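# Analysis of the macromolecular model
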Amino acid sequence: MTSATTETTPILRIYDSLTRQKQVFEPLDPEHVRLYVCGPTVYDYAHVGNARPVVVFDTLVRVLRHLFSMVTYVRNVTDVDDKINARAKESGEPISVITARTHQAYLDDMGALNAAKPDVEPRATEHIAEMIVMCESLIAQGFAYEAEGHVLFSVASYGDYGKLSRRNRDEMIAGARVEIAPYKKDPADFVLWKPSEDDTPGWDSPWGRGRPGWHIECSAMSTRYLGENFDIHGGGSDLVFPHHENEIAQSCCANAGSSYAKYWMHNGHLMVEGEKMSKSLGNFVTVHELLEKWPGEAIRLAMLGTHYHQPINWTEDNLKQAKETLDRFYSALRQTIHCKPRDMAVPGGVLGALCDDLNTPLAIAELHELVTQLNKTDPGHTHALAKARAKVMAAASLLGLLQQDPDAWFTGDADEDEAAEIDALIARRVEAKKNRDFAMADKIRDDLKERGIVLEDGKNGTSWKRG
């Protein structure tokens, strides 16, 4: 638990997709909270939809670390997959090169959104042995079978199959887009292990050279790092079925007595300008592309403006509004940068909102009010000013916002020479105004404006920012 706490710490409640109710969060071990979130398949740049669970669960982890003494956050990397194989054939690049490059790009892009790396980030290819052992256990217990080099999970053998998605059999078969193969005992059965062609990655196994199915990867890696039972499993709503449904089945059956994850959390899907994102519609947006135009914090704030459980409509206007909001926040910090930092508890309104099923829209509204209070504080009362500023910083930190130096936020990528030149021009303008040479002062201001640099005269002198 962090050293700075509110007087009365609120109870954390989260919406559990399994029970479809908001539940009081009670970890299996109050001294150690454990959560697993499905991570990227690394074959290309992450799109904005991929970024939403990253921001959501990064925020959740921030709240958990504030409330509990120890948190272990695991997010996997899928680096063996048919999409990766296809990309390698198209490009002629080795698979290892593609996955290394795209994984690093993913980390860079998510880092720009102020999302910290998980405590553990296991790669599928480094845990094949655990997947094979899990397959063997499922076969031995009668929950899976081998057929023509495949290992398949027998859905009929697990009576609770479908409890997460609450779909009937026909819906499950249609929703999973299952392959109707002659070696399957039942069309609903899903692949745990499959043969590899000569030109695709493969590993030796009791069933011949092959590679794992997608679902078994997360079960094996979550069990390896968090145990047979852990607290929270998260991901996008598109993963509820079949991926998470299959994870529950194979994990509970492989580990007798296991209930796998205690709570399930899913973020809503993302639309772009009111339409489903797709390359065919020309609205497929990567985070990498967005970062060329928008600050990462603006992207994060735009995402947090919608409750994680709800669908989000991703628009240019929302990004613009988020950028303007952050300009206001950073301006308040810039005007009070002289205040000495001090420790401050997270204000109760912000923490209370986040503890109510991660209600980020309400938390952001509370942050707006804290910034308003900071702006209204008498600049002559330095103690009160420092306290108000500290409240803003403590609240923003829990949301992953206002993590930059205020001057850097406004000046952007200006190098030292350009910054020194602008500062010199500002000094000349100040001198011109002292000498009542207002024409020169206005010319300096207008020349800078033509370069996209806006001057702001304030209580503590003149500052500048990119227009």
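For the structure itself, look to the data block above.
The model shown is predicted, which means the values in this text are computed figures rather than measured ones. (Residues numbered from 1 in each chain as written. Predicted model: local features only at pLDDT ≥ 70, side-chain atom pairs only at ≥ 80, totals over all residues. Heavy atoms only, no water.)

One pass over the full model with this rule turns up eight aromatic pairs. When the ring of phenylalanine 25 is compared with that of phenylalanine 68, the centres are 5.8 Å apart and the planes differ by 85°; the resulting orientation is edge-to-face. Here phenylalanine 25 is found in the loop between β2 (21–24) and β3 (33–37), whereas its partner phenylalanine 68 is found in the loop between α1 (48–67) and β4 (71–75), with 43 residues between them in sequence. For the pair phenylalanine 25 and phenylalanine 68, a shared accessibility class is recorded, and that class is buried. Seen from their ring centres, tryptophan 193 and tryptophan 207 are 6.0 Å apart, and the 55° between their planes marks the pair as tilted. Pair noted here: tryptophan 193 is in strand β7 (residues 190–195) and tryptophan 207 is in the loop between β7 and β8 (210–212), with a separation of 14 residues, a long-range link. Among the residues examined, tryptophan 207 registers a relative accessible area of 14% and is labelled buried. An aromatic cluster is defined as three or more aromatic residues linked by ring pairs; in this entry it consists of Phe25, Phe68 and Tyr263. Directly above the ring of tyrosine 145 sits lysine 185, whose terminal nitrogen or CZ lies 4.5 Å from the centroid. (Phe/Tyr/Trp six-rings, centres within 6.5 Å; stacked < 30°, edge-to-face > 60°. Helix = DSSP H or I, 4+ residues; strand = E, 2+ residues; numbered from the N terminus. Buried < 20%, exposed > 50% of the residue type's maximum accessible area, 1.4 Å probe, protein only. Lys NZ or Arg CZ within 6 Å of the ring centre and 35° of its normal.)

The interhelical angle for the contact between helix α10 (residues 316–335) and helix α12 (residues 360–376), taken along N-to-C directions, is 40°, at an axis separation of 10 Å. Crossing handedness for the pair α10 and α12: left-handed. Residues Thr325, Arg328, Phe329, Ala332 and Leu333 of α10 form the contact with α12, whose participating residues are Leu367, His368, Val371, Thr372, Leu374 and Asn375. The class makeup of the residues in the contact of α10 with α12 is six nonpolar, four polar and one charged. (Axes fitted to C-alpha atoms, helices over the stretch in contact; angles between N-to-C directions. Left-handed = near helix turned anticlockwise from the far one by under 90°. Contact = heavy atoms within 4.5 Å. Nonpolar A, V, L, I, M, F, W, Y, C, P; charged D, E, K, R; others polar.)

Let us look at the packing of helix α2 (residues 82–91) against helix α3 (residues 95–112). Packing of α2 against α3 brings their axes to within 9 Å, and their N-to-C directions diverge by 110°. Relative to α3, α2 is oriented roughly perpendicular. By crossing handedness, the relation of α2 to α3 is classed as right-handed. Listed contacts from α3 to Ile84, Asn85, Arg87, Ala88 and Ser91 of α2 are Ile95, Ile98 and Thr99. When grouped by side-chain class, the residues that make up the contact of α2 with α3 number four nonpolar, three polar and one charged. (Parallel < 35°, antiparallel > 145°, perpendicular 65-115°, else oblique.)

Turning our attention to the sheet that holds strand β10 (residues 260–267). Spatially, the four strands line up as an open sheet ordered β4-β3-β9-β10, and their pairing is parallel. Strands with a single pairing partner mark the edges of an open sheet, and in this sheet they are β4 and β10. The average undirected angle you get between the axes of adjacent strands in this sheet is 20°. One ladder, built from three bridges, connects β3 with strand β9 (residues 229–236); its direction is parallel. Its bridge partner lying in β9, leucine 35 is registered against isoleucine 232. (Pairing = 2+ DSSP bridges.)

In this section: helix α11 (residues 348–355). Among the residues making up α11, those that are buried are Val350, Leu351, Ala353, Leu354 and Cys355. Among the residues trailing α11, aspartate 357 stands out with phi positive, at a value near 55°.

Once that is clear, we can look at the sheet that holds strand β13 (residues 312–314). One open sheet holds the three strands; their spatial order is β12-β11-β13, and the pairing between them is mixed. Pairing within the sheet leaves two strands with one partner each, and these edge strands are β12 (275–276) and β13.

Where strand β5 (residues 144–147) meets strand β6 (residues 150–153), four bridges bridge the pair, whose relative direction is antiparallel. Across the sheet, the residue bridging to alanine 144 is phenylalanine 153, located in β6. Counting the residues that bridge the hairpin from β5 to β6 gives two residues, and of these glutamate 148 lies at a positive phi of roughly 55°.

Time to look at the pattern of salt bridges. On inspection of all chains with the given rule, the structure shows 21 salt bridges. In this structure, glutamate 130 and arginine 224 form a salt bridge, with 3.6 Å as the shortest nitrogen-oxygen distance. Here glutamate 130, found in helix α4 (residues 128–140), pairs with arginine 224, found in helix α6 (residues 214–226); they are 94 residues apart in sequence, far enough to count as distant. Note on glutamate 130: relative accessible area 26%, which makes it partly exposed. Among the residues examined, arginine 224 registers a relative accessible area of 47% and is labelled partly exposed. Residue lysine 323 pairs with aspartate 327 through a salt bridge whose shortest N-O separation is 3.0 Å. On the criterion of helical spacing, the pair formed by lysine 323 and aspartate 327 is a turn pair, its members being four residues apart in helix α10. Put simply, Asp82, Lys194, Glu197 and Arg211 are held in one network by salt bridges that share partners. (Salt bridge = Lys/Arg side-chain N within 4 Å of Asp/Glu carboxyl O.)

What follows covers the side chain of histidine 244. As for its placement among the helices and strands, histidine 244 is situated in helix α7 (residues 240–254). Residues contacting histidine 244, with those up to four places away along its chain left out, are Cys38, Leu164, His233, Gly234, Gly235, Leu239, Trp264 and His266.

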